[in-house]
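Observations on chain architecture
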Amino acid sequence: MKKNGFTLVELLAVLVLISLVMAIAVPGIFKMRDRMNEKALNAKVETIESAAVLHVQNNSNKYKSKFGKCETDGAHCKCEGSKCKYVFVINIKDLIESGDLKKENKEDGSEESSCSIYNPLDKNMCMDCLDINITLDATYKTATASLDLTSNPDTCHEPY
């Protein structure tokens, strides 16, 4: 007599093998996704910091009139020995309003959103009000920027 179909033991063996493959593969997939999100965040941070430096360089005359000469420690001037640097904070929203950083489109392709920049690690976190620490040399020629991911993303402060 010819048998049709599979026995219960054969079906269970296949299910166990599939479960083992899934148990090995799924954690690796999640780790890979997390690494890709971290890389996306790092790339976004570099873009934001570059836009902040560009903003400062494009607006050096505005900063000259606002800060004046940097010769002694003050609210925005920090001196170490004979070298003085301007230190101040702007946020991502300032960069978007100045046109030095582009607003992101939502994943569905529409631009209508209250948030301009999303955090790749947490799609619900809006990065618009994160602080960017700017250091500008006393000659207004060299600037560095550092995005502060620990600043409060819910409250924007007034620029500089």
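Figured I'd write up the structure that's included with this text. (Residues numbered from 1 in each chain as written. Predicted model: local features only at pLDDT ≥ 70, side-chain atom pairs only at ≥ 80, totals over all residues. Heavy atoms only, no water.)

Attention now goes to the overall build of the protein. If you tally the helices and strands in the protein, you get three helices and six strands. Taken from N to C terminus, the helices and strands of the protein fall in the order α-α-β-β-α-β-β-β-β. Each of the 160 residues in the protein was classed as buried or not, and the buried ones make up 28%. When contacts within the protein are restricted to residue pairs at least 6 apart in sequence, long-range pairs at least 24 apart make up 58% of them. Accessible surface, the protein: about 11,100 Å² in total, of which carbon and sulfur atoms supply 56%. (Helix = DSSP H or I, 4+ residues; strand = E, 2+ residues; numbered from the N terminus. Buried < 20%, exposed > 50% of the residue type's maximum accessible area, 1.4 Å probe, protein only. Contact = heavy atoms within 4.5 Å. Areas by Shrake-Rupley, 256 points an atom, 1.4 Å probe, with all protein chains shown as cover.)

Inspection of every chain in the model, using the stated rule, returns two disulfides. The disulfide partner of Cys79 is Cys84, and the S-S distance across this bridge is 2.0 Å. On the sign convention where negative is left-handed, the bridge of Cys79 and Cys84, at about 105 degrees about the S-S bond, is right-handed. What makes Cys84 buried here is its relative accessible area of 11%. In this model, Cys115 is linked to Cys126 through a disulfide, with the two sulfur atoms separated by 2.2 Å. Between Cys115 and Cys126 the disulfide shows an S-S torsion of about 105 degrees. By sign, it is right-handed. Linking Cys115 in the loop between α3 (92–98) and β3 (118–119) with Cys126 in strand β4 (residues 122–126), this pair joins segments that are 11 residues apart in sequence. Assessed through its relative accessible area of 22%, Cys126 is described here as partly exposed. (Disulfide = S-S within 2.5 Å.)

Of the residues making up helix α2 (residues 60–67), those classed as buried are Ser60, Tyr63 and Phe67. The arc enclosing the buried residues of α2, seen along the axis, measures out at 60 degrees, which places them on a common side. When the buried face of α2 is taken as reference, the exposed residues oriented beyond 90 degrees from it are Asn61 and Ser65. Looking at the buried side of α2, the elements it contacts are α1 (8–58), β2 (83–91) and β5 (131–137). Looking one or two places after α2, you find Gly68, whose phi comes out positive at around 70 degrees. (Arc of directions from axis to C-beta.)

Another point: a nonpolar patch on the surface. On the surface, a nonpolar cluster with roughly 320 Å² of combined accessible area is contributed by Leu8, Leu12 and Leu15. As for its position among the elements, Leu12 is in helix α1. (Patch = residues over 30% accessible without salt bridge, like charges linked within 9 Å, V, L, I, M, F, W, Y side chains within 5 Å. Salt bridge = Lys/Arg side-chain N within 4 Å of Asp/Glu carboxyl O.)

Before going further, it helps to examine the pairing of β4. Within a regular beta strand, the side chains point alternately toward one face of the sheet and then the other, so they alternate between its two faces. With two bridges connecting them, β3 and β4 associate as antiparallel partners. By the bridge assignment, Tyr118 is partnered in β4 with Cys126. (Pairing = 2+ DSSP bridges.)

Take the pattern of salt bridges next. Under the defined criterion, the tally for this structure stands at two salt bridges. With a shortest N-O distance of 2.5 Å, Glu104 and Lys44 are connected by a salt bridge. Highlighted residues: Glu104 in the loop between α3 and β3 and Lys44 in helix α1, separated in sequence by 60 residues. The exposure class of Lys44 is buried, given its relative accessible area of 17%.

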